[in-house]
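A look at the structure
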2 protein chains.
Amino acid sequence: MTKKEITIVGAGLVGSLWAVYMAKKGHKVNMYERRPDTRKEGVYGGRSINLALSDRGWKALRGVGLEDEIRKVAIPMYRRVMHSVDGTLTYQPYGKEGQAIYSVSRGGLNQTMMSLAEQHEGVKIHFDQKCTGVDLETATAWFEDDHGKIVEQEADLLFGADGFYSAVRQIMQKTDRFTYSQTYIEHGYKELSIPPAEDGGFRIEKNALHIWPRGGFMLIALPNQDGSFTCTLFMPFEGENSFENLKGDDDVLQFFRSTFPDALAMMPDLIVEWKENPTSSLGIIRCFPWTRNGKVALIGDSSHAIVPFYGQGMNAGFEDCTVLNELFEIYGDDVDTIFRQYELIRKPDADAIAELAMRNFVEMRDLTADPDFLLRKKIERRFADKYPEKWLPLYSMVTFSHIRYHDALAEGNRQDAIMSKIMSIPGIEQKWDSVEVENRLLELVS
Amino acid sequence: MTKKEITIVGAGLVGSLWAVYMAKKGHKVNMYERRPDTRKEGVYGGRSINLALSDRGWKALRGVGLEDEIRKVAIPMYRRVMHSVDGTLTYQPYGKEGQAIYSVSRGGLNQTMMSLAEQHEGVKIHFDQKCTGVDLETATAWFEDDHGKIVEQEADLLFGADGFYSAVRQIMQKTDRFTYSQTYIEHGYKELSIPPAEDGGFRIEKNALHIWPRGGFMLIALPNQDGSFTCTLFMPFEGENSFENLKGDDDVLQFFRSTFPDALAMMPDLIVEWKENPTSSLGIIRCFPWTRNGKVALIGDSSHAIVPFYGQGMNAGFEDCTVLNELFEIYGDDVDTIFRQYELIRKPDADAIAELAMRNFVEMRDLTADPDFLLRKKIERRFADKYPEKWLPLYSMVTFSHIRYHDALAEGNRQDAIMSKIMSIPGIEQKWDSVEVENRLLELVS
C-alpha cells in the first residue's frame, strides 16, 4: 500500500488506537483533539469513569502490540456480585473459570493510549483544535484553536473518531439521504465513589463488578488500582425514584439509607460528590452511511454510540479498527472498496450491540435480582460447560468471542426461545440439574 | 395578551400563515427568509410542485380570513383517476358528493401567502437572510445576508418555521436529551409536466388527481389553472426500475413507452424536463421536544417533515397554527404552558400522520391497481354513506375532518381489522352490496 497522509479527528481511545494501526503501515498521521492534553494538566490522574475491556478490545490492542502495556493497568473482574437491600450477596460468574472482563479508567487508558500513539514514527497529536469543517470530497479539514486561529490540514484520508458529538458526522449529516438519529433513554447517571479502606485495601471484593439492582434504577461499582471503586448510579431523570426527586442532602441520604445501606456505609464523600458531579444523559447514535467518497470514514462512537450497559462501547470501537485493518490488508489501495465493505459489515453489528446494550440494562437493574433469571443462567452455564460446542451463552459470545454481534444477537434470540421452554417445565426449581432437563435441552438445541 | 415582538424564521407557507395569526393579535412580527423574494424574480411564476389543500388547511386559513383569497387559485379534485398500462381508466371518489382536495401550486401559494402576510400591520419579511444562531434562552437570533453582514434580532418569542433543513432545529439538536431523526425512503422524485391542449383546455380530466400506479413506482398528475398538469414520478433511486437505470434519452423514452404510454403521448417536453429537473430525495424528520424555555418553538416541517403521499404535509403544518392559536386563546401570556401543551398535543399527531403518509404511498403506487382494494373501498363507501355515524373512512377522517391524526390512525386500524373479516367472506365479489354483508358489518362495528 502506498504511504498516505492521514487525518484523525479526535484523540480518544479509538482515534489513538487507529493512529497506531495507521502508523504501523508507515502512514503519516495527524491527530486533532478538541480538548487540551490531559496528561499535562493532571486531570483524570486518579479515578474517573471506568470501562470494561473484554476480548474484542484485547484483540484490537494485540493487533498492534499494545496488549501487554494495557494489561498492567487493568483489573480482572470474574463475576457479578449482587447486593440486596438487606446486604445479602449473590454471585454470577461472567464466563468459564479464569474468564474476566477488565476494569480500566477511561482517562488513564486514554492518556496511556495517546502516549503509545505518539511513540510511533509519524504520529502527531494537535491539542485544543476544534474541527470547524471537512471537505468530504478531498479529506481536507479545518481546525480552530482557542485563539480563533484556523489551520487547514490536507490529507489522503480522514477518520472521524470524534465521538458522540462528532463534528465530522455533523458535516456528513447535511449531505443528501444521510440517515441519522440521536435518542436518549429516560435514565441519566451520576459518578460516585467508594474510597480505599484505611489500610489501602479494597472494601468489597476486588475482582468483581458490583451491582445493587433495584428494578427501575441501579448502582454499580468497578475497582480501581488504588483500592477505590468508581460507582455509577443509573436512575430516571423524572418520576418516582428519580434525580429530579432527590433535591436536598437529606433526600439523597434518606434514599441511600433505604435502598443502598451497605454502599452508603462505604461512601463518606457521597453528599459532596452528589453536588459536584453532574447528572449526565445516556444517548444512542445511529447513522448511515459511515463513509463518503472513499475519503472520509467515521469510526467508534461517532458512527454508533450506545448505552454502556454491556460494557461494549469501547470494545465495539476497537473492533472497528480490527475490521478496517483487515480490509486494508485485503484491498490495499482500493479505499473505495475498503470503506464500502467496512460500513456494510459493521453497520448490522453496530445495530445489534446497540440493541443488546439496551437489553442488558434491563438485565442488570432488574433481572439480576430475580431468582428465576439466576436459575436460568445457572442451567445455561451447566449445559454450556458440559456441551461447549452446542451452547455458548449470549454474554460469552458478546464478551469472550469474536463472533459478529449481529450473529450473536440472532443466536441469543434462539437460545432465549429454548430457555423459555425449559423454564416452563413444572418443578424446574428442583430438577434444574436433572438428566430430564439436560435431555430436553439437547433435544431443543438440535 | 400583552403585545409581543415575534421572530419567525422562514417565510414559507406555515411561517407566512403564522405571521398573520400573530399580527391579528397585535404582535409585531419580523420574518427572516433565507431565499430571495421570488415575487420579484418571477420564479415559481407558472408551474411548480403541487400541493393538495384539504379541510385542515382550509380551517387554518379561515381562522384568519384567508380562505376566500386562496379558493380563487385552487382547483378541486373530486376523485382519483387511475391509468392502467393499456389506457383503461378506473375511478375512486375521495369522499362524499362534493368533497374534494384542492390542487394549488406551492410557489404561487407561497407568494400569495407572503403578500397577504405583508398586508398586515407590523409584519415585515427580510429576504436573503440566513439564520446563523439562536439563543434558546432569550429568543435572540442572528442572520447573515449575501454580503456576510450579520444582524441581531431580539424578540419575546421565536418560531422556527424553516422547514426540513431547519437552522433553528439544528441549534436545538445540540441541546441535551434532544431526540432527533432524519430518515430517507428508497424512492426519489422528479417533476415533469403535461402542457395544456392546443385549445388551452385540459388534456385529461381536470378535477381529478391522476395516478399511474405501477407497484414499485408511480406517476401522478395534478391540474394547474393554465390547463397544464404538474406530474411527479416517484421511483427508487437504485434497483430494477430506478432512476439509476434510466441513463440515456432512449432509456427514458423506452421506459415511458412501456409503462406510461398514454402519459408519454401528452408529454412533448419529457426528455428536456428529465435532464433539467433534479432527482430529489424524500425524507422524514422526527424530533422532540419542539419548544425550549417558553421562548422558541418549531412549527411545520421543521419539527415533523413527512413524505408527500397523503397530501398532508402543508395541512399538518397549517393545523399546528390552529392548535397553537387555540392555546394562545386559552392561556394568554402563559407561554410556558402554551408551548408545553402544544408539543404534547401535536407530537402524537405528527407521528401518526408520518405513519399514515408512508402507508398511503403503498396504497397509491400499488393498491389502487388492485381490484380487491378497490372493492374494499367500494364496500366501505357504501356502508359509510348509509351509516355515516358508524363509519367515517380513514381517508375522510384525515382529509375531510378535524379528528386528531392520532385518533384517526387508531380508528383506521380498527376499520382495517373489520374490513379484513368482510373481505374474507366467500363470494364477497358477488355479494358485496348484499344485506348479509351489511348486517355482518353492523355486527362487527358495534
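Cut-offs applied
Residues numbered from 1 in each chain as written. Chains lettered and ligands numbered in written order. Predicted model: local features only at pLDDT ≥ 70, side-chain atom pairs only at ≥ 80, totals over all residues. Heavy atoms only, no water. Salt bridge = Lys/Arg side-chain N within 4 Å of Asp/Glu carboxyl O. Helix = DSSP H or I, 4+ residues; strand = E, 2+ residues; numbered from the N terminus. Pairing = 2+ DSSP bridges. Axes fitted to C-alpha atoms, helices over the stretch in contact; angles between N-to-C directions. Buried < 20%, exposed > 50% of the residue type's maximum accessible area, 1.4 Å probe, protein only. Contact = heavy atoms within 4.5 Å. pLDDT = per-residue confidence, 0-100. Least-squares fit on C-alpha atoms with pLDDT ≥ 70 in both. Phe/Tyr/Trp six-rings, centres within 6.5 Å; stacked < 30°, edge-to-face > 60°. Lys NZ or Arg CZ within 6 Å of the ring centre and 35° of its normal. Expected span 1.5 Å × (residues − 1). Disulfide = S-S within 2.5 Å. Buried area = accessible area lost by both parts, 1.4 Å probe. Polar contact = N/O pair within 3.5 Å; in protein donor to acceptor, adjacent residues only side chain to side chain.

1. Examining the pattern of salt bridges
Residue and element names in this part refer to chain A. All chains considered together, the criterion is met by 57 salt bridges over all chains. The salt bridge involving Glu-329 is made with Lys-25; its shortest N-O contact spans 2.6 Å. Taken as a pair, Glu-329 in helix H11 (residues 313–331) and Lys-25 in the loop between helix H1 (13–24) and strand E2 (28–32) lie far apart in primary sequence, 304 residues in all. Each of Arg-56, Glu-319, Asp-320, Arg-346, Asp-349 and Arg-404 takes part in a single network of salt bridges with overlapping partners.

2. Regarding the sheet that holds E2(A)
All names here are of chain A. Taken in spatial order, the 6 strands of this open sheet run E8-E2-E1-E12-E19-E18, and their pairing is mixed. Each of the sheet's edge strands pairs with one partner strand only, and the pair in question is strand E8 (123–126) and strand E18 (291–292). Of the strand pairs in this sheet, strand E1 (residues 5–9) and strand E12 (residues 157–160) are connected by 4 bridges, and their pairing is parallel. When the bridges of E12 are listed, Thr-7 appears paired with Leu-158.

3. Describing the sheet that holds strand E9 (residues 130–134) of chain A
All names here are of chain A. Spatially, E9-E10-E11 is the arrangement adopted by the 3 strands of the open sheet, whose pairing is antiparallel. Among the strands making up the open sheet, the edge pair consists of E9 and strand E11 (150–153). Put simply, the sheet's adjacent strands are angled 25 degrees from each other on average, direction ignored. Across 4 bridges, strand E10 (residues 141–144) lies against E11 in antiparallel orientation. Residue pairing for E11: Ala-141 is matched across the bridge by Gln-153.

4. Things to note about the pairing of strand E15 (residues 218–223) of chain A
Residues and elements named next belong to chain A. Along E15, 6 of the 6 residues are buried, which leaves the element largely enclosed by surrounding structure. Here E15 shows two buried faces, one formed by Met-218, Ile-220 and Leu-222 and the other by Leu-219, Ala-221 and Pro-223. Here strand E14 (residues 208–213) pairs with E15 via 4 bridges, running antiparallel. Residue Trp-212 lies in a different strand from E15, and its bridge partner there is Leu-219. Counted between consecutive antiparallel strands, the loop separating E14 from E15 contains 4 residues, among which Gly-215 sits at a positive phi close to 85 degrees.

5. Overview of the environment of Leu374(A)
All names here are of chain A. The topology assignment puts Leu-374 in helix H13 (residues 371–386). As a C-alpha pair, Leu-374 and Ala-197 span 177 residues in sequence and 31 Å in three-dimensional space. What Leu-374 contacts, discounting residues up to four positions off in sequence, is Met-82, Thr-90, Gln-92 and Thr-368.

6. Section: the confidence of the model for chain A
In the predicted model, chain A carries a mean pLDDT of 95, and 98% of its residues have values of at least 70. This complex was scored by the predictor with a pTM of 0.90 and an ipTM of 0.86.

7. Digging into the relation of the copies chain A and chain B
For the match of chain A to chain B, the screw axis carries a shift of 0.0 Å, the RMSD comes to 0.0 Å, and the turn is 180 degrees. Such a combination of turn and shift is consistent with a two-fold rotation axis. When each C-alpha of chain A is compared by its distance to the rotation axis, Ser181(A) comes out closest, at 2.0 Å. Counting the interface residues of chain A, we find that 94% of their copies in chain B are interface residues as well, pointing to one common contact surface.

8. Points about the packing of aromatic side chains
For the coordinates displayed, the defined rule picks out 55 aromatic pairs over all chains. Where Tyr180(A) meets Tyr180(B), the ring centres are 6.0 Å apart and the plane angle is 40 degrees; that geometry is what we call tilted. Of this pair, Tyr180(A) sits in strand E13 (residues 179–194) while Tyr180(B) sits in strand E13 (residues 179–194), which puts the two residues in different chains. Residue Tyr180(A) is classed as buried on the basis of its relative accessible area of 1%. Arg365(A) extends its terminal NZ or CZ atom over the ring of Phe361(A), reaching a point 4.5 Å from the ring centre.

9. Focus on H1(A)
All names here are of chain A. Along its 12 residues, H1 runs 17 Å from first to last C-alpha, staying within 8% of the 16 Å computed at 1.5 Å per residue. Within H1, 11 of the 12 residues are buried, which leaves the element mostly enclosed by the surrounding structure. Taken residue by residue, H1 has Leu-13, Val-14, Gly-15, Ser-16, Leu-17, Trp-18, Ala-19, Val-20, Tyr-21, Met-22 and Ala-23 as its buried positions. Once H1 finishes, Gly-26 follows within two positions and takes phi at roughly 90 degrees, a positive value.

10. A look at the side chain of Arg365(B)
Along the chain, the position of Arg365(B) falls in helix H12 (residues 335–365). With residues near it in sequence (within four places) discarded, Arg365(B) still touches His187(B), Pro213(B), Arg214(B), Gly215(B), Gly216(B), Phe217(B) and Met218(B).

11. Concerning the state of the cysteines
Residue and element names in this part refer to chain B. The full count for this structure, using the stated rule, is 0 disulfides over all chains. In this model Cys-321 remains outside any disulfide bridge; the closest cysteine sulfur is found in Cys-287, 16 Å from its own. Looking at Cys-321, the relative accessible area reads 0%, which means it is buried.

12. Quick word on the interface of chain A and chain B
Interface size, as often reported, equals the accessible area lost upon joining of the parts. Taken together, the contact between chain A and chain B spans 18 residues of the former and 17 residues of the latter. A combined buried area of about 1500 Å² lies between chain A and chain B, and 38% of that area is made up of carbon and sulfur atoms. When the area that chain A buries against chain B is broken down by residue, the three leading residues are Arg177(A), Gln182(A) and Tyr184(A), summing to 40%. Seen at the junction of chain A and chain B, the total is 0 salt bridges. Here chain A is connected to chain B by 12 residue pairs in polar contact (both at pLDDT 80 or more). With 9 residues, E13(A) is the largest single contributor of residues to the side of chain A that touches chain B. For E13(A) and E13(B), the ladder comprises 3 bridges, and the chain directions are antiparallel. Residue pairing in the sheet places Ser181(A) in a bridge with Ser181(B) of E13(B).

13. Section: the environment of Gly412(A)
Tracing the sequence through the fold places Gly412(A) in helix H15 (residues 405–423). For Gly412(A) and Leu394(A), which are 18 residues apart along the polypeptide, the C-alpha to C-alpha distance reads 5.2 Å.

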